[in-house]
Amino acid sequence: VFEWHAKSAFCANCGTASVIVEAGWKRECPSCKAEHFPRVDPVCIMLPVKGDACLLGRQRVWPRGMHSALAGFIEPGEAIEEAVARETLEEAGLRAVHVRVHSTQPWPFPHSLMIAFVADYAGGEITPAPDEIEDAQWFDIDALPKLPNRISIARRLIDGVVAEMRAG
């Protein structure tokens, strides 16, 4: 919210200095009466599963050996389930079906709403998108690699799905 206030001091409609209202959750323009709200970008983060394995990807900038769930921004006009299928295909070359919501988490870097999903593998060969991820692999739930910090939704998604798989 602080970042939004720093970047939104003026009305996007008419250029007049806007004022903070509603305890900082909104800005209003005294001139044209336009209302402005903090931006929230929806992001899907997904864990494709196949039997007792889940697909994890790896970005070059992450600590050595660490893998995580795939993720991507939901595009305007796109259904969330379509975004999960599109991102899985774009990043890993795999088709995903039976998309189901797992959990959500606001993430302020910079202003995202992370929406986590589980999806079933429906075909394709793993083909990592070189501009997105450097590696993607199926990992058996009993042989997982280094994973993200437990505070992240990615880790909660992976841990939750693995627990469900182990429970039967």
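Above this text is the structure in question.
These remarks concern the structure in this document. (Residues numbered from 1 in each chain as written. Predicted model: local features only at pLDDT ≥ 70, side-chain atom pairs only at ≥ 80, totals over all residues. Heavy atoms only, no water.)

1. Looking at the pattern of salt bridges
At step 1: Per the counting criterion, the structure on display carries 15 salt bridges.
At step 2: For Lys-26, the salt bridge is made with Glu-22, and the minimal N-O distance between the two is 3.4 Å.
At step 3: Lys-26 gets classed as buried once you look at its relative accessible area, which sits at 7%.
At step 4: Owing to a relative accessible area of 52%, Glu-22 belongs among the exposed residues under this scheme.
At step 5: Note that Glu-134 is salt-bridged to Arg-60, the shortest N-O span being 3.8 Å. Pair noted here: Glu-134 is in the loop between β8 (112-123) and β9 (135-140) and Arg-60 is in the loop between β5 (53-58) and β6 (70-73), with a separation of 74 residues, a long-range link.
At step 6: Judged by relative accessible area, Glu-134 falls into the partly exposed class, the value being 35%.
At step 7: When salt bridges with common partners are traced through the structure, they connect Glu-75, Glu-78, Arg-86, Glu-87 and Glu-90 into a single cluster. (Salt bridge = Lys/Arg side-chain N within 4 Å of Asp/Glu carboxyl O. Buried < 20%, exposed > 50% of the residue type's maximum accessible area, 1.4 Å probe, protein only. Helix = DSSP H or I, 4+ residues; strand = E, 2+ residues; numbered from the N terminus.)

2. Examining the environment of Lys-26
At step 1: Among the structural elements, Lys-26 can be located in strand β2 (residues 26-28).
At step 2: Residues Lys-26 and Ile-158, 132 residues apart in the sequence, show an inter-C-alpha distance of 35 Å.
At step 3: For Lys-26, the residues in contact, after removing those within four places along its chain, are Trp-4, Val-19, Ile-20, Val-21, Glu-35, His-36 and Phe-37.
At step 4: Polar side-chain contacts of Lys-26 include one of 3.4 Å to the side chain of Glu-22.
At step 5: At 2.7 Å, the side chain of Lys-26 forms a polar contact with the side chain of Glu-35. (Contact = heavy atoms within 4.5 Å. Polar contact = N/O pair within 3.5 Å; in protein donor to acceptor, adjacent residues only side chain to side chain.)

3. A word on the pairing of β8
At step 1: Across 9 bridges, the pairing between strand β4 (residues 41-50) and β8 is parallel. Each bridged residue has a counterpart across the sheet, and for Pro-48 the counterpart in β8 is Ala-119.
At step 2: Of the strand pairs in this sheet, strand β7 (residues 95-107) and β8 are connected by 10 bridges, and their pairing is antiparallel. By the bridge assignment for β8, Arg-100 is matched with Val-118. (Pairing = 2+ DSSP bridges.)

4. Topic: the sheet that holds β2
At step 1: Pairing within the open sheet is antiparallel, and its 3 strands lie in the order β1-β2-β3. Of all the strands in the sheet, just β1 (19-21) and β3 (35-36) have a single pairing partner and so form its edges.
At step 2: Note: β2 against β3, 2 bridges, orientation antiparallel. Bridge pairing in β3 links Arg-27 to His-36.

5. A word on the packing of aromatic side chains
At step 1: For the structure shown, the criterion picks out 1 aromatic pair.
At step 2: Relative to Trp-138, the ring of Tyr-121 has its centre 5.3 Å away and its plane inclined at 85 degrees; by these criteria the two rings are edge-to-face. Highlighted residues: Tyr-121 in strand β8 and Trp-138 in strand β9, separated in sequence by 17 residues.
At step 3: The ring centre of Tyr-121 lies 5.0 Å from the NZ or CZ of Lys-50, which sits over that ring. (Phe/Tyr/Trp six-rings, centres within 6.5 Å; stacked < 30°, edge-to-face > 60°. Lys NZ or Arg CZ within 6 Å of the ring centre and 35° of its normal.)

6. Description of helix α2 (residues 80-92)
At step 1: In a regular helix each residue adds 1.5 Å, so 13 residues correspond to 18 Å; α2 covers 18 Å between its end C-alpha atoms and thus fits that length.
At step 2: Taken as a whole, α2 has its buried residues at Ala-83, Val-84, Arg-86, Glu-87, Thr-88, Glu-91 and Ala-92.
At step 3: For α2, the secondary structure elements touched by its buried residues are β4, β5, β6, β7 and β8.
At step 4: Gly-93 lies just past α2 and shows a positive phi near 75 degrees. (Expected span 1.5 Å × (residues − 1).)

Without other data, these values stay purely geometric and don't point to any function.
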